[in-house]
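Next come the chains, spelled out residue by residue.
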Amino acid sequence: MSPSLKTLDHCPWVKYIGFAFFLRKTMDDPNFAKRKIVYVCDPHPHKRANAAVNIGAFAVFYLEKSPDEAFEPLGRLRPAYHPFRDAGYGPNVYQITVLDVLRGLFRGKREGWIDLETFDLQEYEHFEKVENGDLNWHVPVSIFSTNCSLCNLLAQGKFLAFSGPSGRKQIIQGYQTLTP
C-alpha cells in the first residue's frame with residue numbers, strides 16, 4: 001500500500017521520506033511511463049519551502065544528488081524561500097533553510113540513520129499515532145556517549161519513553177490526544 005499525500009504532514013523527515021516513496025512509486029508505475037508528473041503547491045511561503053524540501057529530498061534519496069546539487073535548480077525559483085518550518089503550531093522560532101534540511105537528510109542517509117531500503121513507513125505511521133503509543137525512534141543509539149547511564153539503558157534496549165498516555169481521549173486542535 002502506498003502512502004497517501006494526506007498522511008505526509010506529521011514528522012518532517014518522515015514526511016519527506018513518504019513523499020519520496022510516493023513519487024518513486026508513481027514514476028515506476030507503467031501507467032505513468034509516458035506521462036509527465038507535475039508537482040504543484042500552494043503559493044504560501046511556508047508551503048513553498050516544504051514543497052522544495054519534498055523535491056530536494058527525492059533528489060537526495062533517489063537521484064543520489066548532494067544537497068547542493070538537489071537545491072541548485074530549486075534555488076533559482078523566485079521569490080526566495082522563507083525559512084523552513086515544520087507542521088507545528090505557533091510562530092517559527094528558528095531559522096533553518098531548505099538547504100539546511102536537505103543537508104540534514106543527506107547526512108542521515110550517509111550515516112545510515114535513514115535507509116529507504118529498510119524503513120517501514122506503514123509501521124512508523126502506525127506507531128506514531130497517539131492511540132498506538134506515540135512511539136518514535138529518530139536517532140540510532142550508537143551515537144550516544146557510553147558514559148551516560150540513560151544512554152547505556154538505551155543501548156541495551158531497556159528504556160522506552162512515552163509522551164503520555166492518559167486513559168482519557170481529548171481532541172485538541174483537531175488531533176486526538178491521550179495526554180495526562
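Notes on the structure in this doc start here. (Residues numbered from 1 in each chain as written. Predicted model: local features only at pLDDT ≥ 70, side-chain atom pairs only at ≥ 80, totals over all residues. Heavy atoms only, no water.)

1. Some points on helix H2 (residues 45–62)
- Given a rise of 1.5 Å per residue, 18 residues ought to cover 26 Å, and the 26 Å separating the end C-alpha atoms of H2 matches this to within 8%.
- Of all 18 residues that make up H2, 13 are buried, and the element is covered over most of its length.
- In the stretch just after H2, glutamate 64 is the one whose phi turns positive, near 60°. (Helix = DSSP H or I, 4+ residues; strand = E, 2+ residues; numbered from the N terminus. Expected span 1.5 Å × (residues − 1). Buried < 20%, exposed > 50% of the residue type's maximum accessible area, 1.4 Å probe, protein only.)

2. A look at the packing of helix H3 (residues 67–75) against helix H4 (residues 98–110)
- Here H3 crosses H4 at 150°, and the two axes come no closer than 9 Å. On the basis of the axis angle, H3 is roughly antiparallel to H4. Crossing angle aside, the handedness with which H3 passes H4 is right-handed. In this structure, H3 contributes Pro67, Asp68, Ala70 and Phe71 to the contact, and H4 contributes Val98, Leu99, Leu102, Arg103 and Phe106.
- Looking at side-chain class alone, the contact of H3 with H4 contains seven nonpolar, no polar and two charged residues. (Axes fitted to C-alpha atoms, helices over the stretch in contact; angles between N-to-C directions. Parallel < 35°, antiparallel > 145°, perpendicular 65-115°, else oblique. Left-handed = near helix turned anticlockwise from the far one by under 90°. Contact = heavy atoms within 4.5 Å. Nonpolar A, V, L, I, M, F, W, Y, C, P; charged D, E, K, R; others polar.)

3. Describing the side chain of arginine 48
- Locating arginine 48 in the fold gives a position in helix H2.
- Among the polar contacts listed, one links the side chain of arginine 48 to the backbone oxygen of proline 79, at a separation of 2.9 Å.
- Apart from the residues within four sequence positions on either side, arginine 48 is in contact with Cys41, Asp42, Pro43, Leu77, Arg78, Pro79, Ala80 and Tyr81. (Polar contact = N/O pair within 3.5 Å; in protein donor to acceptor, adjacent residues only side chain to side chain.)

4. Overview of the nonpolar core
- Membership of the largest hydrophobic core comes to 26 residues, with the highest contact counts inside it found for Val53, Phe61, Val98 and Leu105.
- Top contributing element to this core by residue count: H2, with eight residues. (Core = buried A, V, L, I, M, F, W, Y, C linked by side-chain atoms within 4.5 Å.)

5. Observations regarding H3
- Considered for burial, the residues of H3 that qualify are Pro67, Ala70 and Leu74. Looking straight down H3, one finds its buried side chains confined to an arc of 80°; they lie on one side.
- Residues of H3 that are buried make contact with H2 and H4. (Arc of directions from axis to C-beta.)

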